[in-house]
Amino acid sequence: MQSTMNNIKNLVEVKNIVGEPIVTPDGQTIIPVSKLSFGFGGAGGDSLGGSKQGYGGGSAAAFCGAQGTGLVTMVAGQTAVKKSYEADWPLCHEIIEQGKKIYDELTAQVDRDTDAYNLVAAAFKMPKATDEEKAVRRKAIADATLVATEVPFETLRLSVAALELADKMLGHYNTNCASDLGVGGLNLHTCVHGAWLNVLINLGGVKDEAKAAFFSEEGKKLVARADEIAQRIQDTVNHDIMG
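Everything quoted here is computed from the prediction, not taken from an experiment.

> Hey, could you run me through the state of the cysteines in this one?
Between two cysteines, a covalent bond joining their sulfur atoms is known as a disulfide. Across all of its chains, the model carries zero disulfides by this definition. Distance from the sulfur of C177, which forms no disulfide, to the nearest cysteine sulfur (C92) is 10.0 Å. On the basis of relative accessible area, C177 is assigned to the buried category, the value being 7%. Cysteine C191 is unpaired, with the sulfur of C64 as its nearest cysteine sulfur at 6.9 Å.

Below, the structure is given as structure tokens:
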């Protein structure tokens with residue numbers, strides 16, 4: 001498997017949102033329109049293409065979101081090179097620009113979520129032999145739990161923003177890429193619910209009541225908005241594929 005991945009990496013070099021053309025052995029030309037990442041996910045340990053300890057559901061959710069955003073951006077790129085969709089090019093260029101920013105942020109969220117988990121784990125390992133040590137430990141746990149809630153909440157917000165971009169494309173995209181847009185929407189919808197689960201599991205440990213209320217109330221709104229958009233995307237691409 002490692003040999004196969006190395007061969008793919010040698011073939012594909014993508015530096016920008018629209019990369020260098022690739023000519024396949026049968027003469028077809030492929031133009032990459034999204035950065036690619038290589039890796040395999042697993043529970044704990046070395047996973048998601050990284051080497052840090054502590055990868056889990058929050059990191060995996062962000063990874064799904066980055067994949068979904070990459071697909072949405074790819075569809076915009078594939079639309080922006082088709083003369084028959086010229087009227088939609090300005091929208092596609094806007095989506096490519098915004099999508100790349102979201103993709104980069106969601107990619108960064110993979111490690112940020114791991115760092116947040118490790119912060120919590122380190123806090124729980126602090127000494128608690130004396131009352132003073134217990135107080136310091138309690139504060140460290142509370143501070144780390146807040147971070148561990150803020151990070152997946154940001155992943156949630158970013159994935160909804162990417163879904164909004166996909167929503168804008170409905171009726172304005174190259175329908176030969178309908179399945180790609182549909183899979184992008186599914187990845188982003190998974191990211192939304194995965195990130196929300198990671199917010200919820202930490203929410204009880206957030207001691208600041210105002211912040212806890214904000215995460216709860218705004219999170220529910222974001223999830224509801226995502227559910228609405230994701231359903232519309234799937235309905236539209238199914239219609240575009242099957243008629």
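Now, onward.
> Is there a simple way to think about the packing of aromatic side chains in this case?
Between two aromatic rings, the relevant description is the distance of the centres plus the angle of the planes. What the rule picks out here adds up to three aromatic pairs. With centroids separated by 5.3 Å and ring planes inclined at 55°, the aromatic side chains of F153 and F215 adopt a geometry described as tilted. With F153 in helix α4 (residues 131-169) and F215 in helix α6 (residues 209-242), this pair connects stretches of sequence that are 62 residues apart. The same class applies to F153 and to F215, which are both buried. Site record: aromatic cluster; members linked through ring pairs are F153, F214 and F215.

> How should the pattern of salt bridges be read in this particular structure?
Between side chains of opposite charge, a pair can form as their charged atoms come close. Here the structure, examined in full by the defined rule, presents eleven salt bridges. Residues D143 and K139 are paired through a salt bridge, measuring 2.7 Å at the closest nitrogen-oxygen approach. In this pair, D143 and K139 are both assigned in helix α4, four residues apart and thus about one turn of the helix distant. A relative accessible area of 40% places D143 in the partly exposed class. The salt bridge involving R157 is made with E154; its shortest N-O contact spans 2.7 Å.

Conventions we followed
Residues numbered from 1 in each chain as written. Predicted model: local features only at pLDDT ≥ 70, side-chain atom pairs only at ≥ 80, totals over all residues. Heavy atoms only, no water. Disulfide = S-S within 2.5 Å. Buried < 20%, exposed > 50% of the residue type's maximum accessible area, 1.4 Å probe, protein only. Phe/Tyr/Trp six-rings, centres within 6.5 Å; stacked < 30°, edge-to-face > 60°. Helix = DSSP H or I, 4+ residues; strand = E, 2+ residues; numbered from the N terminus. Salt bridge = Lys/Arg side-chain N within 4 Å of Asp/Glu carboxyl O.

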